[in-house]
Amino acid sequence: VPSLRLALRAHPEREARAFVTDVCYGALRWRITLEGALAARLEAPERLPNRVRDVLLAGAYERLVRGTPDHAAVHAWVEAVNRGPPRERPLAGLVNAVLRRVDLADVQGDAALSLPPFLASRFRVLLGADDAARAAHGMRQPAPLWLTASDPERAAASLAAQGARARPGPVPGSLAVQAPLPLERLAAFEHGLVQPQNPASLAVVAACAAGPGERTLDLCGGNGVKAAALAARGAEVTSVEIDPEKVEAAKRNLRRLGVAVTHRVADLRTLPAGIDPAASVLLDAPCSGTGTLRAHPEITLRLSEAALAELTRLQAALLDTAAGLTAPGGLLVYAVCSLTPEEGPEQVEAFVNRHPEFEPVKPNLPLPARDVGPGAVIVPLEGLDGFFVAALRRAADT
Ligand SMILES: C[S@@+](CC[C@H](N)C(=O)[O-])C[C@H]1O[C@@H](n2cnc3c(N)ncnc32)[C@H](O)[C@@H]1O
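All of these numbers come straight from a predicted model, not from anything done at the bench.

Q: Tell me about the overall build of the protein chain, and please be specific about residues and values.
A: In terms of regular secondary structure, the protein chain is built from 15 helices and 13 strands. For 398 residues, the compact-globule estimate of 2.2 N^0.38 gives 21 Å, and the protein chain sits close to it at 23 Å. With the C-alpha coordinates of the protein chain rotated into their principal frame, the extents come out at 75 × 50 × 35 Å. Burial statistics for the protein chain: of 398 residues in total, 52% are counted as buried.

This is the structure:
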């Protein structure tokens, strides 16, 4: 991301920015597939300098995925090696030969999904082979800029005045936007009419029992994106988050949006003092983020099975706290933007075994979702992020 920012600063023109962003994100989204294709044409890819490997990845993305004609795609990347450090220049011929011959047909199995095997197998357990493949392919496609607007008509008019095109998204209040300017330079953003948010994230908010005036706990509130949507529905929101910097960022953003939320900094692995249980609770837990590979393709570079196990333990502790903060008869919504069984259905099944006072009910999602065990999965197709969502009703007499 820092290198992308530098590159964007060097290329302020709109088309160049779009190209650089697409090559960076696209090459990362397709990384495992493209590395498989390149490995089939290289004797020892691991011995190449990092920069040359990056050039090969970007060139393969441009030729095989963006479909730039062979000579143009190859020439520019060979030139990038020729203009690079002198000791790498002798590799220009190799880069030329490999980029001309690299072929997606050389890649089969999990690598063709651009997923590491431990994730591909988990996607299959959660969704079945067909939907797992559809989800993986879906997350390789770019998405529009999704904005949430409390007054979509007013927001669309403001966007149109600056030459942006907005069409309604799949959830009420959500807009798919194509803008000629960066988000921060749109008046609709500056004046708090819109908030960047994937429609799947907005759908999670809709699953909460947070009507006007209803006290709602937003646990693990982060930068306050879901808190803002809860407050826009009229809920009286208390947002609790461990990271004070995120709380400050949330406060700034909520001021821009003109919505009021009460903030608390606390570690929710244990029950925080001074917060009364509420009838409406959202736990948007820290997770592997494997439903957001479209926007965060770098996740596959750093996620390990050990990290996944650690996150699963943290989520269980946070769910126990959330149980203690849900009033009798109340609704606890648990959400993760992940597509692994242990963070989703298995996590909730274990929770219900520990807390028989809670019963899973069908989450009230305004989007098509797939029932999976005690919850539902939003499959990451057509620009959506993937989420697992469970709604847990606490018995009134407990
Ligand atoms: C998925 S993000 C939340 C996103 C947020 N709800 C939103 O919509 O903008 C999870 C958040 O949990 C926070 N977190 C992690 N461990 C925590 C803990 N022990 N107690 C409270 N918050 C925690 C992280 O700092 C992160 O902001």
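We are not done yet, so read on.
Q: Hey, could you go over the packing of helix H4 (residues 50-65) against helix H6 (residues 92-101) for me, with residue numbers and the actual values?
A: It is at 10 Å that the axes of H4 and H6 come closest, and there the two elements cross at 30 degrees. Put simply, H4 runs roughly parallel to H6. Every pair of crossing elements has a handedness; the one defined by H4 and H6 is right-handed. When H4 is examined against H6, the residues Val52, Val55, Leu56, Gly59, Ala60 and Arg63 are found in contact with a partner set consisting of Val95, Val98, Leu99, Arg100 and Arg101. In terms of residue class, the contact of H4 with H6 is built from seven nonpolar, one polar and three charged.

Q: Could you give me a rundown of the site of the ligand, with the residues and numbers involved?
A: With respect to spatial proximity, 18 residues lie near the ligand, and among them Val225, Glu241, Asp267, Leu268 and Asp284 are the closest. Within the backbone of Lys226, a nitrogen or oxygen atom sits 3.2 Å from an oxygen atom of the ligand. Contact between the ligand and Glu241: an oxygen atom at 2.6 Å from a side-chain N or O atom of the residue. Its free accessible area being 610 Å², the ligand has 85% of it covered by the protein chains. Residue composition of the shell around the ligand, by class: eight nonpolar, four polar and six charged.

Q: Go over the pairing of strand S3 (residues 174-178), please, and point to the residues and values.
A: The element S3 is largely enclosed, with a buried count of four among its five residues. Both strand S1 (residues 145-149) and S3 contribute to a ladder of four bridges, which runs antiparallel. Note on S3: the bridge partner recorded for Trp146 is Ala176. With four bridges joining them, strand S2 (residues 165-168) and S3 adopt antiparallel strand pairing. Note on S3: the bridge partner recorded for Arg167 is Ala176. Hairpin connection from S2 to S3: five residues lie between these consecutive antiparallel strands, with Gly173 at a positive phi of about 95 degrees.

Q: Give a description of helix H2 (residues 14-29) that names residues and reports values.
A: Counted at 1.5 Å a residue, the expected span for H2 with its 16 residues is 22 Å, and the 22 Å between its end C-alpha atoms agrees. Burial in H2 covers these residues: Ala16, Val20, Asp22, Val23, Gly26, Ala27 and Arg29.

Q: Before we move on, could you go through empty space enclosed by the protein and cite the residues and values that matter?
A: Throughout the structure, instances matching the rule amount to one cavity of 30 Å³ or more. Leu28, Arg29, Leu113, Ser114, Leu115, Ala136, Met139, Arg140, Leu293, Arg294, Pro297 and Thr300 are the residues that line the largest cavity. Split by residue class, the lining of the largest cavity holds seven nonpolar, two polar and three charged.

Q: Break down the packing of aromatic side chains for me, citing the residues and quoting the values.
A: Enumeration over the complete set of coordinates arrives at one aromatic pair. Here the guanidinium or amino end of Arg140 rests over the ring plane of Trp30, the centre of that ring lying 3.7 Å away. In this arrangement the basic side chain of Arg256 is found over the ring face of Phe189, its NZ or CZ atom lying 3.8 Å from the centre.

Procedures and definitions
- Residues numbered from 1 in each chain as written.
- Predicted model: local features only at pLDDT ≥ 70, side-chain atom pairs only at ≥ 80, totals over all residues.
- Heavy atoms only, no water.
- Helix = DSSP H or I, 4+ residues; strand = E, 2+ residues; numbered from the N terminus.
- Rg over C-alpha atoms; globule rule 2.2 N^0.38 Å.
- Buried < 20%, exposed > 50% of the residue type's maximum accessible area, 1.4 Å probe, protein only.
- Axes fitted to C-alpha atoms, helices over the stretch in contact; angles between N-to-C directions.
- Parallel < 35°, antiparallel > 145°, perpendicular 65-115°, else oblique.
- Left-handed = near helix turned anticlockwise from the far one by under 90°.
- Contact = heavy atoms within 4.5 Å.
- Nonpolar A, V, L, I, M, F, W, Y, C, P; charged D, E, K, R; others polar.
- Near = heavy atom within 4 Å.
- Polar contact = N/O pair within 3.5 Å; in protein donor to acceptor, adjacent residues only side chain to side chain.
- Areas by Shrake-Rupley, 256 points an atom, 1.4 Å probe, with all protein chains shown as cover.
- Pairing = 2+ DSSP bridges.
- Expected span 1.5 Å × (residues − 1).
- 1 Å grid on protein atoms, 1.4 Å probe; cavity = no way out; pocket = protein on both sides within 12 Å on 5 of 7 lines; lining within 4 Å.
- Points joined across faces, edges and corners; volume = space filled by probe spheres on them.
- Phe/Tyr/Trp six-rings, centres within 6.5 Å; stacked < 30°, edge-to-face > 60°.
- Lys NZ or Arg CZ within 6 Å of the ring centre and 35° of its normal.

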